[in-house]
Amino acid sequence: LEKVEFTEVAIGRTKMKGALIPKPGGGWEAGFHGPAFDLSPLWEDIMADDDAEKADHPFLDRLTLAVEFKKIWLDDVKSLYDVSGTFVRVDNLWQTVLMSSRAGDDASFDLQIQPRADGRRNFSMHANNAGEVFKILDLYPNMIGGKLRIMGVYHDDQPGQPLKGNIVVDDYRIINAPALAHVFSIMSLTGILEALQGQGLVFTKLNIPFQLSHGVFQLKDAKSTGASLGITASGKVFRHADIINLEGTVVPAYLINSVFGRIPVLGNLLTGGEKGGGVFAATYTMTGPMEKPVVLVNPLSALTPGFLRNVFGIFSNSGAETLDTSGNLPSPNPQ
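Residues numbered from 1 in each chain as written. Predicted model: local features only at pLDDT ≥ 70, side-chain atom pairs only at ≥ 80, totals over all residues. Heavy atoms only, no water.

Undergrad: Residues and numbers for the overall build of the protein, please.
TA: Secondary structure summary: the protein contains seven helices and 18 strands in total. By residue count, 47% of the 335 residues in the protein fall in the buried class. Sequence separation of at least 24 residues holds for 48% of the intrachain contacts in the protein that already meet a minimum separation of 6. On the protein, roughly 16,800 Å² of surface is accessible, and the fraction owed to carbon and sulfur atoms is 57%. (Helix = DSSP H or I, 4+ residues; strand = E, 2+ residues; numbered from the N terminus. Buried < 20%, exposed > 50% of the residue type's maximum accessible area, 1.4 Å probe, protein only. Contact = heavy atoms within 4.5 Å. Areas by Shrake-Rupley, 256 points an atom, 1.4 Å probe, with all protein chains shown as cover.)

And the structure:
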């Protein structure tokens, strides 16, 4: 067998033409193009972060696939447009993914996975509309706009093949974020709360150092900054269960507040040595289901400089309040 040519393939939402060529050592080379292709059976496999999540597709092993499609379906409702790419699968891993596409009229989306000499794989993702891409990937629905850059490495030589890297987003807005709204309401940040529920809060930079493995997204010292607000976060997001366990700091009037932290010697005393910290801030935790997390805020820290906050400790029961998504204050001393 030298080649199988398809002059027309129409299966469900897939409409295409192309060819299959068997490789001498086993496997296939394939090229397809057309108006539409339903990638939903394979998309989760491509984006899976370890072997345990990957489906067994014997036909796909040792597959080299080149595609050109006007539209590719990722699931029942989400899709990408003007997709051009090359996909290479070897030993149950997508060793190479080179894909350029659009997630909407003004949202370019490029994804790359490439093998390295040390047996690991480089991962990169770029988009000029981070909000649209995060919605399509089911990562975060409350962001609008933003320039996205994700750079990381799959450590295939380690258990779970963790993906470690950084997420950076420039110039974006956050709207209708219930968990953040609860934090702001406890801190009595009325103007910021109104902005969140209206046109959205404007941020200039988001930086998230992360590790993804076995469905657990772990972030450490993540920071989002804007003229009116600075937020830090560390913790875990359990993607399969939609559970979060996060803690961090909220710094109102970030640009003005953080100026004190830049004063030589005195700045370290005022901020407790926190990188990017402000003089006045409130600490918080978010735990539980992503849709309805329980929010714990230490309002006392909003009244004290950073060095006193460090002395008092973070999230001691004394002076702390919890707020669930119903807006109630269940107990001043939660266990």
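Picking up after the structure, the text goes on.
Undergrad: So what's going on with the pairing of strand β15 (residues 243-252)? Which residues, and what values?
TA: Extensive coverage of β15 is indicated by the burial of seven of its ten residues. Judged from the ten bridges that link them, strand β14 (residues 229-238) and β15 form a sheet pairing that is antiparallel. Its bridge partner being in β15, lysine 236 is matched across the sheet by asparagine 245. Hairpin remark: β14 followed by β15, antiparallel, with four residues in the connecting loop; positive phi at aspartate 242, about 55°. Across eight bridges, the pairing between β15 and strand β16 (residues 282-289) is antiparallel. Bridging across to β16, isoleucine 244 finds its partner in glycine 288. (Pairing = 2+ DSSP bridges.)

Undergrad: Which residues make up the side chain of threonine 96, and what values do they have?
TA: On the secondary structure map, threonine 96 appears in strand β6 (residues 93-104). Judged by relative accessible area, threonine 96 falls into the buried class, the value being 15%.

Undergrad: Just give me the short version of the pairing of strand β2 (residues 14-22), but keep the residues and values in it.
TA: For strand β1 (residues 4-11) and β2, the ladder comprises six bridges, and the chain directions are antiparallel. For valine 9, the partnering residue across the bridge sits in β2 and is methionine 16. The turn linking β1 back onto β2 is made up of two residues, and glycine 12 within it adopts a positive phi angle of 60°. Where β2 lies against strand β3 (residues 28-38), seven bridges are found, and the strand directions are antiparallel. The residue of β3 that forms the bridge with isoleucine 21 is glutamate 29. With antiparallel pairing between neighbouring strands as the criterion, β2 and β3 make up a hairpin whose turn holds five residues, including glycine 26 at a positive phi of roughly 110°.

Undergrad: Let's hear about the confidence of the model for the protein: which residues, and what values?
TA: Averaged over all residues, the pLDDT of the protein is 79; the fraction at 70 or higher stands at 71%. Across residues 307-335, confidence stays below pLDDT 50; counting only partners more than four residues off in sequence or on other chains, it has 65 contacts. (pLDDT = per-residue confidence, 0-100.)

Undergrad: Break down the nonpolar core for me, with residues and values.
TA: Ranked by internal contacts, the top residues of the largest apolar core, which has 69 residues, are Met99, Met125, Leu148, Ile167 and Val169. In this structure, valine 169 is in contact with Ala130, Phe134, Met143, Gly146, Lys147, Leu148, Thr204, Lys205 and Leu206, ignoring residues within four places of it in sequence. (Core = buried A, V, L, I, M, F, W, Y, C linked by side-chain atoms within 4.5 Å.)

Undergrad: Any chance you could break down the packing of aromatic side chains for me, citing the residues and the numbers?
TA: Inspection of every chain in the model, using the stated rule, returns six aromatic pairs. On the basis of an interplanar angle of 40° and a centroid distance of 6.0 Å, the ring pair of phenylalanine 6 and phenylalanine 32 is categorised as tilted. Of the two residues, phenylalanine 6 is situated in strand β1 and phenylalanine 32 in strand β3; the sequence distance between them amounts to 26 residues. Judged by relative accessible area, phenylalanine 6 falls into the partly exposed class, the value being 29%. (Phe/Tyr/Trp six-rings, centres within 6.5 Å; stacked < 30°, edge-to-face > 60°.)

Undergrad: How would you explain the pattern of salt bridges if you had to name every residue and give the values?
TA: Between side chains of opposite charge, a pair can form when the charged atoms approach closely. The full count for this structure, using the stated rule, is ten salt bridges. In this structure, aspartate 157 engages arginine 120 in a salt bridge whose closest nitrogen and oxygen atoms are separated by 3.2 Å. In this pair, aspartate 157 sits in the loop between β10 (147-154) and β11 (163-174) while arginine 120 sits in the loop between β7 (107-115) and β8 (121-127), placing the two residues 37 residues apart along the sequence. Through salt bridges that share partners, Asp75, Lys78 and Asp138 make up one connected network. (Salt bridge = Lys/Arg side-chain N within 4 Å of Asp/Glu carboxyl O.)

Undergrad: Tell me what's going on with the side chain of serine 213, and back it up with residues and numbers.
TA: Considering the arrangement of structural elements, one finds serine 213 in strand β12 (residues 201-213). At 3.4 Å, the side chain of serine 213 and the backbone oxygen of glycine 160 are in polar contact. (Polar contact = N/O pair within 3.5 Å; in protein donor to acceptor, adjacent residues only side chain to side chain.)

Undergrad: Could you give me a rundown of unusual backbone geometry, with the residues and numbers involved?
TA: Residue aspartate 138 is not a glycine yet carries a positive backbone phi of 55°. Examined against the element boundaries, aspartate 138 turns out to sit in the loop between α2 (130-136) and β9 (143-144).

Undergrad: Could you give an account of the environment of valine 294, naming the residues involved and the relevant values?
TA: Here valine 294 lies in strand β17 (residues 294-298). You can call valine 294 partly exposed: its relative accessible area is 38%. Spatially, the C-alpha atom of valine 294 lies 9.8 Å from that of isoleucine 244, the residues being 50 residues apart in sequence.

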